[in-house]
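Listed below are the residues making up each chain.
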Amino acid sequence: MIRTIIGLVWLLLLVAGVAGCGRFAALQQKDPPQGDLYTAHNGSISVSANAVTQSKPRRVSWITLARKYPGAFATRGPTSSKRVALTFDDVPDLEYTPQVLDILAREKVKATFFVVGERAAKHPEMVRRIITEGHSVGNHSYDHTSYALLSMRKFEDQIERTGNILHSQIGYTPRFLRPPYGEITPAQLMWTQSRGYFVANWNVDTEDWKGLSAGRILRNVRRTLGPGSIILQHAGGGVGEDLSGTVKALPSLIRILKQKGYELVTIPEMFSESQELESMRLY
Ligand SMILES: [Zn+2]
């Protein structure tokens, strides 16, 4: 009961602070940037996942998580080589996912798609297309609930349910995770690490889910782009969500990245030199 009330308060704060956005509107701050904002959100985590046992707010930034859990959490790849990874969240849908796949095929670029389990169950043919065309997939929860609001059991269920759906569709369980909104608590991260998962967040936020123009998306990329960057975009829209800017920007984005000398790689490729990540799959 206490947890429910606290969860509702957290939710209200969240909804009040952030513009709504389509299908996942209930929690739609969608893409918090790394660092400060996340710290602020994570300060609220004390009143959700750890509410029963802890009274003090726990503030854990992505920077801290990456430092404390180097084999389990990252917002960027190694900076030693000029590589970047394009990532697309909230897939699959039947509107934007095929358009993004068409462009990637035309440009001969491989990307990583973070799949929402209930959407994969609805559109298995799109998941298979993503794999057939040589891209990587990762686990983006079952129904896009913020993990910070969940008990450990429900949190684990979000990951395992989606892992099972993907396993039945593509023959293996992806080891890369991206939590909804990028939010995960230290306790949850310890669990994912113990199961061999790796959380891949991002350090370049296009903020494309806001329905931005292609030009604005490209400007957002330039702000924090560098070797090892993981670029966050979306290729699955909610009701009323407009990702046409994402689609329009993508050919230019790819051209600009190539002109700057970047190699475009998938998330498994990005982390393939890491000892803890010799494989992209869990069986
Ligand atoms: Zn998402």
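Here's a quick rundown of the structure. All of these numbers come straight from a predicted model, not from anything done at the bench.

### Topic: the pairing of strand E3 (residues 112–115)
- Of the two faces of E3, the one holding Thr112 and Phe114 and the one holding Phe113 and Val115 are both buried throughout.
- By the bridge criterion, three bridges tie strand E2 (residues 83–91) to E3 in an arrangement that is parallel. Looking at E3, one finds that Thr87 is bridged to Thr112.
- As a crossover connection, the stretch from E2 through helix H4 (residues 96–107) into E3 is right-handed.
- As paired elements, E3 and strand E4 (residues 136–139) share four bridges and run parallel to each other. Its bridge partner lying in E4, Phe113 is registered against Val137.

### Regarding the nonpolar core
- Counting residues in each nonpolar core, the largest one holds 62 residues, and the members touching the most others are Ala85, Val100, Phe113, Val115, Phe198, Val199 and Ile231.
- Look past the residues within four positions of Val115 in its chain and what remains in contact with it is Val91, Pro92, Ala120, Val127, Val137, Gly138, Asn139, His140, Thr162 and Leu166.

### With respect to the packing of helix H6 (residues 124–132) against helix H7 (residues 152–170)
- At a minimum axis separation of 10 Å, H6 and H7 run at an interaxial angle of 65 degrees. On the basis of the axis angle, H6 is roughly perpendicular to H7. Taken as a pair, H6 and H7 cross one another with a handedness that is right-handed. When H6 is examined against H7, the residues Pro124, Val127, Arg128 and Ile131 are found in contact with a partner set consisting of Leu166, Gln169 and Ile170.
- Class assignment for the residues of the contact of H6 with H7 results in five nonpolar, one polar and one charged.

### A look at H4
- Counted at 1.5 Å a residue, the expected span for H4 with its 12 residues is 16 Å, and the 17 Å between its end C-alpha atoms agrees.
- Within the sequence span of H4, burial applies to Tyr96, Thr97, Val100, Leu101, Ile103 and Leu104. Each buried residue of H4 sits inside an arc of 165 degrees when the element is viewed along its axis, so together they form one side.
- Looking at the buried side of H4, the elements it contacts are E2, H6 and helix H10 (244–259).

Basis of the calculations
Residues numbered from 1 in each chain as written. Predicted model: local features only at pLDDT ≥ 70, side-chain atom pairs only at ≥ 80, totals over all residues. Buried ≥ 20, exposed ≤ 12 C-beta atoms within 10 Å, placed from the backbone. Helix = DSSP H or I, 4+ residues; strand = E, 2+ residues; numbered from the N terminus. Pairing = 2+ DSSP bridges. Right-handed = clockwise from strand over helix to strand, strands pointing away. Core = buried A, V, L, I, M, F, W, Y, C linked by C-beta atoms within 7 Å. Contact = placed C-beta atoms within 7 Å. Axes fitted to C-alpha atoms, helices over the stretch in contact; angles between N-to-C directions. Parallel < 35°, antiparallel > 145°, perpendicular 65-115°, else oblique. Left-handed = near helix turned anticlockwise from the far one by under 90°. Nonpolar A, V, L, I, M, F, W, Y, C, P; charged D, E, K, R; others polar. Expected span 1.5 Å × (residues − 1). Arc of directions from axis to C-beta.

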